[in-house]
Amino acid sequence: MAKPTKYRFTFGPWNISQGADPFGPVVRKEVPFAQKIRAYKKLGFDGVQFHDDDVVPAGWGAAETERGVAKVKKMLDDEGLFCEFIAPRLWEHPRTIDGGYTANSASDRRYAIDRSKRAVDIAGMIGTRNLVLWLAREGSYIRESKDPVAAVGRIVDAMNVLLDHDGNIRILCEAKPNEPMDQSYLPTCGHMMGVAYRTVAPDRVGILIESAHSILAGLDPSDDMAYALWHGKLWSVHLNDQNGLKYDQDKMFGSVDLRRAFNTVFVLETAGYGRAGECVGLDVKAMRTTKQADDTKHLANSRRMFLNMVEVVRGLDHSRLEEYRATRDYEALDLYICELLMGR
């Protein structure tokens, strides 16, 4: 019998936030970067997710960047942490208003690729081979604004440049159907998987699945994860929860739908996710009403909810499950799972 997986947990420093939203200003004080890093181990986390400009400002030159990355790496080493991935933040710069890799402007596309190559270099310096691409602005507000066929090709071309830039880097594609764009060119895990196989190195292109992004696409996260696992390409997750098809809420894992959280953990646990070093990443926001002293509770609570659900999944009677499947008694199975979640 396989030894139970010991999960490793990560989150990004942006998950300790000031509570601003599109309709209101900040409600909490900014927490200094070094203080955020010191909080990880206290909260039970093992690693850090970074955007490129979380580590060093985007405008720094090569020598300054190298020194800055070394400083952050030392901070991680001193805390016993590792960097899970680097993600180029291509959605906030004035040069990416019309998208990065899919912008109509050739010079803006070059900027996006050059910044992504720099992110690959930062990843190498800080000690990770994972580059996450969330293609936030690779889409359109109106379909006639861009050539959609060319846009998909440009995304693949950009990935190929990055794969050629560093033979060790792995690209983890993170899909989202909308927001900030009205429509994304690669809105789901399946779309991302399709382009992965068209790159120059399909073995180095995989998937990061965020729960809320699957839900926004009308899909169940566990089905997306199972699909990527079958392909051997589920290389990370962003667990959270989502209340319906609206804006990206990043709620505490399990906050909205415990059955959905159960199925997520069931798929990950039974497939052996984490045994090859994959992390349980969180991408959760504190409620705007959260007080300053409680600005990390949502992270600790999400981790606790995941581990609680692991216990539930490990307590599942698999012989009973298989009996219900074999006899096609799904009514009894439905009740069994519901009562299991109720602690009955």
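Report follows, based on the coordinates. Predicted model only: the values in this text are computed from it and were never measured.

Cut-offs used in this document
- Residues numbered from 1 in each chain as written.
- Predicted model: local features only at pLDDT ≥ 70, side-chain atom pairs only at ≥ 80, totals over all residues.
- Heavy atoms only, no water.
- Helix = DSSP H or I, 4+ residues; strand = E, 2+ residues; numbered from the N terminus.
- Rg over C-alpha atoms; globule rule 2.2 N^0.38 Å.
- Buried < 20%, exposed > 50% of the residue type's maximum accessible area, 1.4 Å probe, protein only.
- Lys, Arg positive; Asp, Glu negative; His and termini not counted.
- Charge placed at Lys NZ, Arg CZ, Asp CG, Glu CD.
- Core = buried A, V, L, I, M, F, W, Y, C linked by side-chain atoms within 4.5 Å.
- Contact = heavy atoms within 4.5 Å.
- Salt bridge = Lys/Arg side-chain N within 4 Å of Asp/Glu carboxyl O.
- Phe/Tyr/Trp six-rings, centres within 6.5 Å; stacked < 30°, edge-to-face > 60°.
- Lys NZ or Arg CZ within 6 Å of the ring centre and 35° of its normal.

When helices and strands are tallied, the protein chain shows 12 helices and 10 strands. In summary, the protein chain has a C-alpha radius of gyration of 20 Å against a globular reference of 20 Å for 344 residues, a match within 12%. Seen through its C-alpha atoms, the protein chain measures out along the principal axes to roughly 60 × 45 × 45 Å. Looking at the protein chain as a whole, 51% of its 344 residues qualify as buried. Positive and negative side-chain charges in the protein chain, numbering 46 and 48 respectively, have mean positions lying 4 Å apart.

This part is about the nonpolar core. By size, the foremost hydrophobic cluster in this structure holds 83 residues, and its most contacted members are Phe50, Val55, Ile86, Ile126, Ile171 and Phe306. The element that contributes the greatest number of residues to this core is helix α5 (residues 148-165), accounting for 7 residues. If we ignore the near neighbours within four places in the chain, the residues touching Val55 are Phe50, Val69, Val72, Ile86, Ile122 and Ile126. In this structure, Val132, Leu172, Leu208 and Trp235 belong to the second largest nonpolar core, which totals 6 residues.

If the charged atoms of two oppositely charged side chains come close together, the side chains can form a pair. Under the definition given, this model contains 20 salt bridges. Between Asp46 and Lys41 there is a salt bridge whose closest N-O contact spans 4.0 Å. Each of Asp52, Asp53, Asp54, Arg89, Glu92 and Arg115 takes part in salt bridges that share partners, so that together they form one network.

Once that is clear, we can look at the packing of aromatic side chains. Summed over the entire model, instances satisfying the criterion amount to 10 aromatic pairs. Aromatic side chains Phe262 and Phe266 sit 5.9 Å apart centroid to centroid with 20° between the ring planes, which places their arrangement in the stacked category. Of the two residues, Phe262 and Phe266 are both situated in helix α9 (residues 258-271); the distance of 4 residues between them amounts to about one turn of the helix. Phe266 matches Phe262 in its accessibility class, with the two residues each being buried. These aromatic residues form a ring-pair network of at least three members: Tyr7, Phe9, Phe11, Tyr40, Phe45, Phe253 and Phe306. Directly above the ring of Trp235 sits Arg170, whose terminal nitrogen or CZ lies 4.2 Å from the centroid.

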